[in-house]
Amino acid sequence: MASILYFIPALKSGPLTYYLFLPAAMKLFAILIFRWRAVIGVSLAVLSRLELVAPDEPMMSWLIVAVFSTLAIYLVIELSLKLLRIHRDLSNFKYLQVVILALLASLTNGFTFSFGVSHLTDMRVGENIFHGGFLAGVGSFTGNALVVCLLILILKHKTSILNLINTMKKS
């Protein structure tokens, strides 16, 4: 998901942030589905993206940023699931709850990421921590919103999509 962003430079809002950050949705859904096990995979994905984007910074700094921001998102999602009374199997998950979780996860990601980057590296996400956190949070939220809207569109039209796939297979 992150590689798509490299081909559209107009989406870049800073050295490490984007106006539309698609991997944020993958983080959210991975944590919702795989719970604590997703923290390992998401942290490794964040670490590898940061190493590719800014290899000059120490890897230990990027590792701390990756684990810190992922753990923060995990804790916010777990707390939100309890407060919103969402079942572990997500059977009572409603659209408004998805929006609330996406917003909370995005803001958490933005501010923890901005805080970690500004304190552990020589790079800056924005003019200050709040500006950088807001930039990263808005980018994460727009990425979440786009993916959620696409999933809803696909689910609403799944029979049409399956018919189209079957038609393409036959020809």
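From a predicted model like this one, the values you see are computed outputs, not experimental measurements.

Undergrad: Tell me about the pattern of salt bridges, and name the residues and values.
TA: Using the criterion set out here, one finds two salt bridges in the structure. Taking the shortest distance from any N to any O, the salt bridge between Arg 35 and Glu 78 comes out at 2.9 Å. Taken together, the residues span a long stretch of sequence, with Arg 35 in the loop between helix H2 (23-34) and helix H3 (36-53) and Glu 78 in helix H4 (residues 59-83) at a distance of 43 residues. The exposure classification of Arg 35 matches that of Glu 78, with both residues buried.

Undergrad: Please give an account of the side chain of Lys 27 that cites residues and values.
TA: Along the chain, the position of Lys 27 falls in helix H2. This buried residue, Lys 27, is left without a salt bridge; Glu 51 holds the nearest opposite charge, at 16 Å. Once residues lying within four places of it in the same chain are set aside, the contact partners of Lys 27 are Phe 21, Val 42, Val 46, Ile 73 and Asn 109.

Undergrad: Would you mind going over the nonpolar core in detail, with residue names and values included?
TA: In this structure, Leu 28, Trp 62, Ile 77 and Leu 101 are the most contacted members of the largest nonpolar core, which totals 24 residues. Only H2, H3, H4 and helix H5 (95-120) provide two or more residues apiece to this core. Here the element with the most residues in this core is H4; it accounts for seven residues.

Conventions and cut-offs
Residues numbered from 1 in each chain as written. Predicted model: local features only at pLDDT ≥ 70, side-chain atom pairs only at ≥ 80, totals over all residues. Heavy atoms only, no water. Salt bridge = Lys/Arg side-chain N within 4 Å of Asp/Glu carboxyl O. Helix = DSSP H or I, 4+ residues; strand = E, 2+ residues; numbered from the N terminus. Buried < 20%, exposed > 50% of the residue type's maximum accessible area, 1.4 Å probe, protein only. Lys, Arg positive; Asp, Glu negative; His and termini not counted. Contact = heavy atoms within 4.5 Å. Core = buried A, V, L, I, M, F, W, Y, C linked by side-chain atoms within 4.5 Å.

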